[in-house]
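Listed below, chain by chain, are the residues.
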Protein chains: 2
Amino acid sequence: MKKKKHTSYHHGNLKESLIHTALDMVDKEGLEAITLRELANRLGTSRSAIYRHFEGKEALMKQVILAGFDRLDAAIEPYFNNKESPLLERFHAMGISYVTFATENPNLYRLLFGPVMSKEREEVCETERPDLHKILHGDSSAEVIETAPDDSFHKLVTIIIEAQDQEIFKKEDPILIATAIWSLLHGLSMLIIDGHLSISDNVQAVYEVNYKILLEGLVRSHS
Amino acid sequence: MKKKKHTSYHHGNLKESLIHTALDMVDKEGLEAITLRELANRLGTSRSAIYRHFEGKEALMKQVILAGFDRLDAAIEPYFNNKESPLLERFHAMGISYVTFATENPNLYRLLFGPVMSKEREEVCETERPDLHKILHGDSSAEVIETAPDDSFHKLVTIIIEAQDQEIFKKEDPILIATAIWSLLHGLSMLIIDGHLSISDNVQAVYEVNYKILLEGLVRSHS
DNA sequence: TCTCTATGTTAACATTGTCAACATGATTTG
DNA sequence: CAAATCATGTTGACAATGTTAACATAGAGA
């Protein structure tokens, strides 16, 4: 597949290779399988070469996590952008694709929301995401869609605003609504992949009930 | 507080001491702070003594996790059992106490749902919790309340059944409803303590919106 | 008392992340 | 072009940690 141009340098592009093989290792063999020596072996290099590209293992893992989030975003994106199907269908499918991604790649999903970043995030927490306030306080939704970054959470917010503009959803703070939706999806995914639910054999059914409950709390009026 | 009877044996009761000091260490200093040597030092014993009581570090951590779940259960229990206040108030307070427990003890909460048990749970997942099916297929709710174990999830299920009996909640599968509620609470807790939300400075407000959305999807009819 | 089992200690080992010292390919400079 | 400089890779060593084996000791029961 990816025959790198091995002509260029010592190894080629070690930095990217490290990130991607680490990502694949996490996905297939779990987080504990990742050791710097094993990583180096698989790439035919030596353990310490890593330190020419990353400050340490943790710095590498952060990059891996970022790449993992890209995969997650890529898995859900089609359902955000498919403008042909009705909004609620997209909304429904987006949720399914999210939970499905988690259950099909449990190791990867656990990494994304796992303990690697948690300490650091706790510190940075306050200053984070000031850009969201722009969305929150922007009055027109059309304008927001343009300025929103391609982050999945932002896309979710814009979909909610869209649904509010179409008088489908109640006019609640869209960011808080998005938070509730994300919480439900994230919690459900985590509980399933960690085996805390007794009904994890039928993920689809569990999701449908969750979706139904959530939706009835979101829609504007009942028929 | 807990002056153990140091007269009895070599150390006294090392097994329980290990579990409880480990639990406190996780809570105050994080999971990474736990090393067998440090644990042994704090208890004035030697590192290898641990292996007379546990198969290894992982076995010890599993016991720590069980003790941690007891703390979580104890933190929410008052809101389950306070029979004087109306059911919806108990329901509301229970959710707040859950999220509050998580945000006030982030290290502990992360441990409970963290990576220690995840692999094992994946294997045991299918055979787990057959007792829940009894609740699901029991027709009378009063009978269920008696037979339910003191697990928090079971209590949640019984409260839902109670609300259904009082015609407050819709008659949906109570286990699936409980799953949805737990997912929301768990997801919200995790996202907050890991700093994924931009609004984590006002936990209460976030919870209220989540609760409102969830409740409107649960209640039987709108006024 | 003697023996046995439970519990605790010490020393050693393998794994892993990290760093220092050295080596080499590529790039820039005189 | 030659030399210097920088980027990249390698080797050896070290500290921390979980684990195990061999040894030690206290308490219980014959």
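Rules used throughout
- Every residue gets a number counted from 1 within its own chain, in the order that chain's sequence is written.
- A letter from A marks each chain and a number from 1 marks each ligand, given out in the order of writing.
- In keeping with the model being predicted, local features are shown solely for residues with a pLDDT of at least 70 and side-chain atom pairs are shown and tallied solely at 80 or more, while totals for entire chains, interfaces and linings include all residues.
- Each side-chain value is derived from all of the structure's non-hydrogen atoms; neither hydrogens nor water enter the calculation.
- Helix and strand assignments follow DSSP, with helices taken as H or I runs no shorter than four residues and strands as E runs no shorter than two, numbered in order from the N terminus.
- Throughout, exposure labels follow a simple rule: accessible area from a 1.4 Å probe, protein chains only, divided by the maximum for the residue type, with under 20% read as buried, over 50% as exposed, and the rest as partly exposed.
- Here, residues are in contact when the closest pair of their heavy atoms is within 4.5 Å.
- Note on areas: Shrake-Rupley with a 1.4 Å probe; residue coverage comes only from the protein chains shown.
- The rule for a residue being near a molecule or strand is that one of its heavy atoms must lie within 4 Å of it.
- Two N or O atoms form a polar contact when they lie within 3.5 Å of each other; inside protein one atom must be a possible hydrogen donor and the other a possible acceptor, and for residues adjacent in sequence the pair counts only when both atoms belong to side chains.
- In a helix, the anticipated span is given by 1.5 Å times the number of residues less one.
- What sets the superposition is a least-squares fit of C-alpha atoms, and only residues with pLDDT of at least 70 in both copies go into it.
- Residue-level confidence of the predictor is summarised by pLDDT, bounded by 0 at the bottom and 100 at the top.
- Computed with a 1.4 Å rolling probe, the buried area is the accessible surface lost when two parts are put together, summed over both parts.
- By salt bridge we mean one thing: a side-chain nitrogen of Lys or Arg within 4 Å of a carboxyl oxygen of Asp or Glu.
- Between the rings of Phe, Tyr and Trp (Trp by its six-membered ring), a pair exists once the centres lie within 6.5 Å; its type follows the angle of the planes, with under 30 degrees stacked, over 60 edge-to-face, and the other angles tilted.
- Two thresholds decide whether a charge sits over a ring: the Lys NZ or Arg CZ must be within 6 Å of the ring centre and within 35 degrees of the ring normal.
- To get an axis, a line is fitted to the C-alpha atoms, and for a helix only the part in contact is used. The angle between two axes follows their N-to-C directions and goes from 0 to 180 degrees.
- What sets the label is the angle itself: under 35 degrees gives roughly parallel, over 145 gives roughly antiparallel, 65 to 115 gives roughly perpendicular, and the rest give oblique.
- Two helices that cross are described as forming a left-handed crossing if the nearer one is turned anticlockwise from the farther one by less than a right angle, and a right-handed crossing if clockwise.
- Only Asp, Glu, Lys and Arg are considered charged in this grouping, and only Ala, Val, Leu, Ile, Met, Phe, Trp, Tyr, Cys and Pro are considered nonpolar; every other residue, Gly among them, is considered polar.
- Lining residues are defined by having an atom within 4 Å of a point belonging to a cavity or pocket. Those points lie on a 1 Å grid over the protein atoms alone, cavities being sets where a 1.4 Å probe fits but cannot get out and pockets being open sets with protein on both sides within 12 Å along at least five of seven lines.
- Grid points are joined across faces, edges and corners, and a volume is the space filled by probe spheres set on the points.

Trainee: Quick rundown of the overall build of chain A? Include the residues and the values.
Mentor: Along the backbone of chain A there are eleven helices and zero strands. Mapped in sequence order, the helices and strands of chain A form the string α-α-α-α-α-α-α-α-α-α-α. Out of the 223 residues in chain A, the part that is buried amounts to 52%. Within chain A, contacts between residues separated by at least 24 positions form 63% of all contacts whose residues are at least 6 apart in sequence. Accessible area for chain A stands at about 11,300 Å²; split by element, carbon and sulfur atoms hold 51% of it.

Trainee: Before we move on, could you go through the protein's contact with DNA strand D and cite the residues and values that matter?
Mentor: Close contacts around DNA strand D come from 22 residues, with T45 and R52 of chain A together with R37, S48 and K57 of chain B the closest. Near the protein, meaning within 4 Å, the atoms of DNA strand D are sugar or phosphate in a fraction of 45%, with bases accounting for the rest. The contact in question runs from a base oxygen of DNA strand D to an N or O atom on the side chain of S48 of chain A, over 3.0 Å. Between DNA strand D and the protein, one listed contact pairs a phosphate oxygen with a side-chain N or O atom of Y51 of chain B at 2.9 Å.

Trainee: Mind laying out helix α11 (residues 203-218) of chain A, listing which residues take part and the relevant values?
Mentor: Spanning 16 residues, α11 of chain A covers 22 Å between terminal C-alpha atoms, matching the ideal 22 Å at 1.5 Å per step. Residues V206, Y207, V209, N210, Y211, I213, L214, L215, E216, G217 and L218 of chain A constitute the buried set of α11 of chain A. Contacts from the buried residues of α11 of chain A go to α4 (87-104) and α10 (174-193) of chain A together with α10 (174-193) and α11 (203-218) of chain B.

Trainee: Would you mind going over the relation of the copies chain A and chain B in detail, with residue names and values included?
Mentor: Between the two copies, chain A and chain B, the superposition gives an RMSD of 0.1 Å; the rotation angle is 180° and the shift along the axis is 0.0 Å. Taken together, the rotation and translation relating the two chain copies correspond to the operation of a two-fold axis. By C-alpha distance to the rotation axis, the residue of chain A lying nearest is G187 of chain A, at 1.8 Å. Both copies share a contact surface, since 98% of the interface residues of chain A are interface residues in chain B too.

Trainee: Give a detailed account of the confidence of the model for chain A, specifying residues and quantitative values.
Mentor: Residue and element names in this part refer to chain A. Mean pLDDT over chain A stands at 83; residues scoring 70 or higher make up 79%. Ignoring residues within four places in sequence, the model shows residues 1-9, a span with pLDDT below 50, making four contacts including any to other chains. For the stretch residues 125-148, pLDDT sits under 50, and the model shows 31 contacts to residues farther than four places along the chain or on other chains.

Trainee: I'd love a proper account of the interface of chain A and chain B, names of residues and values included.
Mentor: In this complex, chain A contributes 47 residues to the contact, which on the side of chain B involves 46 residues. Buried surface at the junction of chain A and chain B, both sides included, amounts to about 4,200 Å², of which 63% is carbon and sulfur. Here E172 of chain A and K212 of chain B are joined by a salt bridge, their closest N and O atoms 3.1 Å apart. Summed over the shared surface of chain A and chain B, the result is four residue pairs in polar contact (both at pLDDT 80 or more).

Trainee: Give me the lowdown on the pattern of salt bridges, citing residues and values where you can.
Mentor: The tally for this structure, following the rule as stated, stands at 18 salt bridges over all chains. Notably, a salt bridge pairs R71 of chain A with D24 of chain A, separated by 2.8 Å at the nearest N-O pair. Within this pair, whereas R71 of chain A is found in helix α3 (residues 57-81), its partner D24 of chain A is found in helix α1 (residues 14-29), the two being separated by 47 residues in sequence. One salt bridge connects E216 of chain B with K170 of chain A, and the closest N-O pair in it is separated by 2.2 Å. Separated into two different chains, E216 of chain B in helix α11 and K170 of chain A in the loop between α9 (152-165) and α10 make up a pair that spans both. A single network of salt bridges, built from pairs that share partners, joins D24, D27 and R71 of chain A.

Trainee: So what's going on with the packing of aromatic side chains? Which residues, and what values?
Mentor: We describe a pair of aromatic rings using the distance from one ring centre to the other and the angle between the two ring planes. Applying the stated criterion across every chain, the model contains 16 aromatic pairs over all chains. When the ring of F153 of chain B is compared with that of W182 of chain B, the centres are 5.4 Å apart and the planes differ by 50°; the resulting orientation is tilted. Residue F153 of chain B is found in helix α9 (residues 152-165), and its partner W182 of chain B is found in helix α10; the two are separated by 29 residues along the sequence. The pair formed by F153 of chain B and W182 of chain B is uniform in burial state, with each residue classed as buried. The structure contains a cluster of three or more aromatic residues connected by ring pairs, namely F69, Y98, Y109, F113, F153 and W182 of chain A. K15 of chain A extends its terminal NZ or CZ atom over the ring of F54 of chain A, reaching a point 5.5 Å from the ring centre.

Trainee: For the packing of helix α4 (residues 87-104) of chain B against α10 of chain B, give the residues involved together with the corresponding values.
Mentor: Residue and element names in this part refer to chain B. Between α4 and α10, the shortest axis-to-axis distance is 9 Å and the interhelical angle comes to 30°. Here α10 runs roughly parallel to α4, going by the angle between their axes. Here α4 runs over α10; the crossing is right-handed. Residues F91, M94, G95, Y98, V99, A102 and T103 of α4 lie in contact with α10, whose contacting residues are I181, W182, L185, H186, L188, S189, I192 and I193. For the contact of α4 with α10, the per-class residue count stands at eleven nonpolar, four polar and no charged.

Trainee: Help me get a handle on the layout of surface pockets, residues and values and all.
Mentor: Its boundaries defined by the atoms lining it, the largest pocket holds a volume of some 1,200 Å³. Around the largest pocket, the lining is made up of 37 residues, and of these L31 and P115 of chain A together with L31, P115 and V116 of chain B lie nearest the centre. If you list the elements that add at least two residues to the lining of the largest pocket, you get α3, α5 (106-112) and α6 (118-124) of chain A together with α3 (57-81), α5 (106-112) and α6 (118-124) of chain B. Residue composition of the lining of the largest pocket, by class: 16 nonpolar, eight polar and 13 charged.

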